[in-house]
Amino acid sequence: MITIPPAVLSRVAKPARYTGHEHNSVVKDPAGVDAAFALAFPDVYEVGMSHLGLKILYHIINRRPDAAAERVYAPWPDMEAEMRAAGIPLHTLESFRPVGEFDVVGFTLQYELSYTNILNMLDLAGIPLKSADRGEGHPLIIAGGPCAFNAEPLADFIDFFVLGESEEAVDDVAAAVADWKKAGKPGGRRGFLARAAAIPGVYVPAFYDAAYNADGTLAAVTANHPAAPPVVTKRVVADLEQVAYPTKPVLPFLEIIHDRIMLELFRGCTRGCRFCQAGVLYRPVRERKPETLLRLAQELVDNTGYSEISLTSLSSADYSCLKDIVGRLIDQFKDQGVSVSLPSLRIDSFSIELAQEVQKVRKSGLTFAPEAGTQRLRDVINKGVTEKDLEEAVGAAFRAGWSGVKLYFMIGLPTETDDDIKGIAALARRVTDIYREVKGKRGAKVSVSVSSFVPKPHTPFQWYGQNDMAELERKQQLLKTLFKDRSVSFSWHDAHVSFLEAVFARGDRRLGEVLLAAWRQGAKFDGWSEYFKFALWQEAFREAGVDPHFYAGRERTADEVLPWDHLSAGVDKAFLEREYRQALDAAPTADCRRGDCSVCGVCQGLGVDIIDWGASS
Amino acid sequence: MSVKYRLAITKGEAVRYVSHLDYMRSIERAVRRTKLPAAYSEGFNPHMKIAFASALSVGVASEAEYMDIELTGDVDPAAMGEALASQLPPGIAVGRFRQIPATGYPALMAVVNLAAYRIRLPLPAGTAGDAIEAIGRFNAAAVVTYIKENPKGKKEIDVKTYVREVAATPVADGLELAVEVRITPTGSIKPTEVIKVLVEKFGLPADPDTALVTRTGLFVADGNSRISPLDI
Ligand code: SF4
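In this report, we go over the structure that sits alongside the text. Predicted, not measured: the structure shown is a model, and the values here were computed from it.

What counts, and at which threshold
- Residues numbered from 1 in each chain as written.
- Chains lettered and ligands numbered in written order.
- Predicted model: local features only at pLDDT ≥ 70, side-chain atom pairs only at ≥ 80, totals over all residues.
- Heavy atoms only, no water.
- Helix = DSSP H or I, 4+ residues; strand = E, 2+ residues; numbered from the N terminus.
- Rg over C-alpha atoms; globule rule 2.2 N^0.38 Å.
- Buried < 20%, exposed > 50% of the residue type's maximum accessible area, 1.4 Å probe, protein only.
- Pairing = 2+ DSSP bridges.
- Axes fitted to C-alpha atoms, helices over the stretch in contact; angles between N-to-C directions.
- Contact = heavy atoms within 4.5 Å.
- Phe/Tyr/Trp six-rings, centres within 6.5 Å; stacked < 30°, edge-to-face > 60°.
- Expected span 1.5 Å × (residues − 1).
- 1 Å grid on protein atoms, 1.4 Å probe; cavity = no way out; pocket = protein on both sides within 12 Å on 5 of 7 lines; lining within 4 Å.
- Points joined across faces, edges and corners; volume = space filled by probe spheres on them.
- Nonpolar A, V, L, I, M, F, W, Y, C, P; charged D, E, K, R; others polar.
- Near = heavy atom within 4 Å.
- Lys, Arg positive; Asp, Glu negative; His and termini not counted.
- Salt bridge = Lys/Arg side-chain N within 4 Å of Asp/Glu carboxyl O.
- Polar contact = N/O pair within 3.5 Å; in protein donor to acceptor, adjacent residues only side chain to side chain.
- Right-handed = clockwise from strand over helix to strand, strands pointing away.

Description of the overall build of chain A
Then step 1. The helix and strand tally for chain A stands at 22 helices and 19 strands.
Then step 2. Its C-alpha radius of gyration of 24 Å places chain A within 12% of the 25 Å reference for a compact globule of 617 residues.
Then step 3. Overall, chain A is about 75 × 65 × 55 Å in size when its C-alpha atoms are taken along their principal axes.
Then step 4. Counting the 617 residues in chain A, one finds 60% classified as buried.

Here we look at the sheet that holds strand S15 (residues 366-371) of chain A
All names here are of chain A.
Then step 1. With parallel pairing, 4 strands are arranged side by side in an open sheet as S15-S16-S17-S18. The sheet is open, and its two edges are formed by S15 and strand S18 (488-492), each paired on a single side. When strand polarity is set aside, the average angle formed by the axes of neighbouring strands in this sheet is 20°.
Then step 2. Each of strand S16 (404-411), strand S17 (445-452) and S18 is contacted by helix H15 (residues 469-482), which is oriented at about 170° to S18, the strand it contacts most.

Describing the packing of aromatic side chains
Residue and element names in this part refer to chain A.
Then step 1. Evaluated as defined, the whole model comprises 27 aromatic pairs over all chains.
Then step 2. With a centroid separation of 5.1 Å and an interplanar angle of 55°, the aromatic rings of Trp180 and Phe192 are classed as tilted. Taken together, the positions of Trp180 in helix H6 (residues 166-182) and Phe192 in helix H7 (residues 188-197) put the pair 12 residues apart, joining distant regions of the chain. Residue Trp180 shares its accessibility class with Phe192, and that shared class is buried.
Then step 3. A ring pair is formed by Phe453 and Phe461, whose centres lie 5.7 Å apart and whose planes are at 90°; its orientation type is edge-to-face.

A short note on helix H9 (residues 290-304) of chain A
Then step 1. Taking 1.5 Å per residue, 15 residues should reach 21 Å; H9 of chain A reaches 21 Å between its end C-alpha atoms and fits that length.
Then step 2. For H9 of chain A, the set of buried residues is Pro290, Thr292, Leu293, Leu294, Leu296, Ala297, Gln298, Leu300, Val301 and Thr304 of chain A.
Then step 3. Contacts made by the buried residues of H9 of chain A are with strand S10 (261-264), strand S13 (308-312) and helix H10 (322-333) of chain A together with helix H1 (20-34) of chain B.

Points about empty space enclosed by the protein
Residues and elements named next belong to chain A.
Then step 1. Applying the stated rule across the entire model yields 6 cavities of 30 Å³ or more.
Then step 2. In this structure, the largest cavity encloses a volume near 120 Å³.
Then step 3. Arg17, Tyr18, Tyr45, Val72, Tyr73, Pro75, Met79, Met83, Leu90, His91 and Leu93 are the residues that line the largest cavity.
Then step 4. Of all the secondary-structure elements, those providing two or more residues to the lining of the largest cavity are strand S2 (67-73) and helix H4 (77-86).
Then step 5. For the lining of the largest cavity, the residue count by class is 9 nonpolar, 1 polar and 1 charged.
Then step 6. Size it by volume and the second largest cavity reaches roughly 80 Å³.
Then step 7. Leu52, Lys55, Tyr245, Pro246, Pro249, Val250, Pro252, Arg260, Ile261, Met262, Leu300 and Tyr306 are the residues that line the second largest cavity.

Quick notes on the site of the ligand
Then step 1. Lining the immediate surroundings of the ligand are Arg283, Pro284, Cys592, Cys597, Ser598, Val599, Cys600, Gly601, Cys603, Gln604 and Ile610 of chain A.
Then step 2. Of the residues contributing to the shell around the ligand, the split by class is 7 nonpolar, 3 polar and 1 charged.

Considerations on the side chain of Glu501 of chain A
All names here are of chain A.
Then step 1. Turning to its location among the elements, Glu501 is positioned in helix H16 (residues 495-505).
Then step 2. At 4.6 Å, Lys456 is the nearest oppositely charged side chain to Glu501, a buried residue that forms no salt bridge.
Then step 3. For Glu501, the side chain forms a polar contact with the side chain of Tyr111, separated by 3.1 Å.
Then step 4. Every residue in contact with Glu501, bar those within four places of it in the chain, is listed here: Tyr111, Glu112, Leu113 and Val454.

Overview of the pairing of S16 of chain A
All names here are of chain A.
Then step 1. For S15 and S16, the ladder comprises 4 bridges, and the chain directions are parallel. Paired with Thr367 across the two strands is Lys406, which belongs to S16.
Then step 2. Pairing between S16 and S17: 8 bridges, direction parallel. Directly across from Met410, in S17, lies its bridge partner Ser451.
Then step 3. For the handedness criterion, the β-α-β arrangement of S16, helix H14 (residues 418-439) and S17 is classed as right-handed.

Have a look at this one:
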């Protein structure tokens, strides 16, 4: 067991990040289990502790008598320096054992810019960074999460990936580890990887070879091992009612990002926004029953003492029984001092009505995401919202007493012109006008947040070449000149960050060397503006002899082999191509959950169905 | 009908590095888990009516904290103690407690005016003699000025207003110090600041970062008498 000296804890910021003992944490005797998992989140405690996926894994693994799951987060750089100086290895928050002593270390991949933190954590754990360099005594390094759907940039470092929803997959992996260990580890690491490759949804990169064409594009990624399937397809839970939900989450002492009960109403989204990767990865829509949600909420309140329930999903307003569930939750909990909040709202007046309902308990801000400034561009991205929708919703919000709204947009979308950029400013101005019309005075607080579009794998825009940084910056400047009015506050994302995201989102195995070079030069916490150093990345690309523009800015042709073609989210490539063509024609595709199925391939290919309780009742 | 209780509680090793705000929030959540009829303030952000005597710094543990809690209904005191014990996180334990008048009773914050600390201070080998001498010089000084810094600015104080003397006992790897600190309406001094003063002004041969501070008592003091806030 590792003890951190008091002198260290007294010198670092927020030492409670490192001292464990949180309520509901599960401490098992390591000697009593066959499969010990260290669940690692490659970001700081407050971010990692807020993540629902890890809570689910923690719960499911710890439910097994033969397995244990413990937590570990990236130490903040002040703590990292102390650990390195004192020779303290990376360790978990439950048993305070070194991560290197676990059977499995599992990373959650939420964001491309956390990749250097994975290398840094492996190094802090004393585990060789490359899979090929690990010996029989080292843990198996696995990873899952949305970024696993293009695993290639991490192919050198991760022993195997799990694609898709993990509720059932993690049981398979835990059982496989336990069986292999009990059998005396036949075949060693490679023997285990062969067993793992037979589990649906598991991708073992070492069992595949990548070949390239003369122009640098991929020629093929082919399996080199009999256990490796030609295409690995994601796991999907057919019915959420049948899987466990973490109703006893670890309760932090520190205030974390989402410091409240997270109640997942449903999974998936069928609106089909063409830029949205989550919309593809989590198809189809599967709802939980209102009765189940009420029961889970009560258990969560009883087990945590939290005073707020947040209804989470990709777009919570799309839950078919939303009005019903919000009303019942408020009724059930108002005397217990527990409030209800709705984080993501669609633009319509129905949402405002609900937001008002929720307001009765607690005041919260209103956020809308029109994403694009003109109707034409909103049709391109298939964001099924009109200016009239926005006007009505904002008007309703102002009439209901709100004085501020936050608007989210993207720049750099396919087919975008300067008119679309100007449309963003016009839309924001329209919102301030509506305030004046409703209130008879000025003073609306409108904040406009603009991010740069990053083409993501498995989306209709996966072929699209990202605007280069100079162009993104030109568009940001153009917008800046249009927001002279002080009633609108305007913020935007660093174009360099979006560029790097695009490189790694659409990268291949050759980026492994870039990651190593960047990490060696000190890259870490790249998602945090105070640590992001673009110059260091430029140096890393040079050192590795890799041209980043080849990955980010190049429009790819339909016949090009993509680095993630052997990893399937269940959605047909032909469907994505069709959607891209429709986008260029600004032709909409309807939401498939109530209207016609657009045959994306998920329900047919994976043998699952949309579950929509509102439609069936 | 509202009922108030005053409880003695701890902040043990497991929560030593938890900040005061986080410590309070953890207790609030534990109370909510007990389903005791806690009273809440009005407004958009209702908070539980609990009050503490004085804040503890991050890194300081305590054997003697006190908290007042208001409930909206009568509860069996024994059941309340058990309910809390079952829900409080490791390191936070309930000691003695009793019902206090719902109104007109002095708040903890207003009556507690003395805190006692035990400080474990590791020393480099062979420096115990020098350390004791340094502490002797501090005890003998009539006035010890110190610039207290906080986010609001700098303020010169006389340490001796708050700490008359420091008692030192040699232990295996250093010293064990006993310090009593006065808490006044206009301010006080933290035990870690006392160590800093001893190191910087009196040449105590120690690294202040290594000091392990535990509060051993909070009192309502008058002259030489010291009584627990539970006994007033
Ligand atoms: S297969 Fe049809 S119904 Fe199922 S998610 Fe795809 S488009 Fe929707």
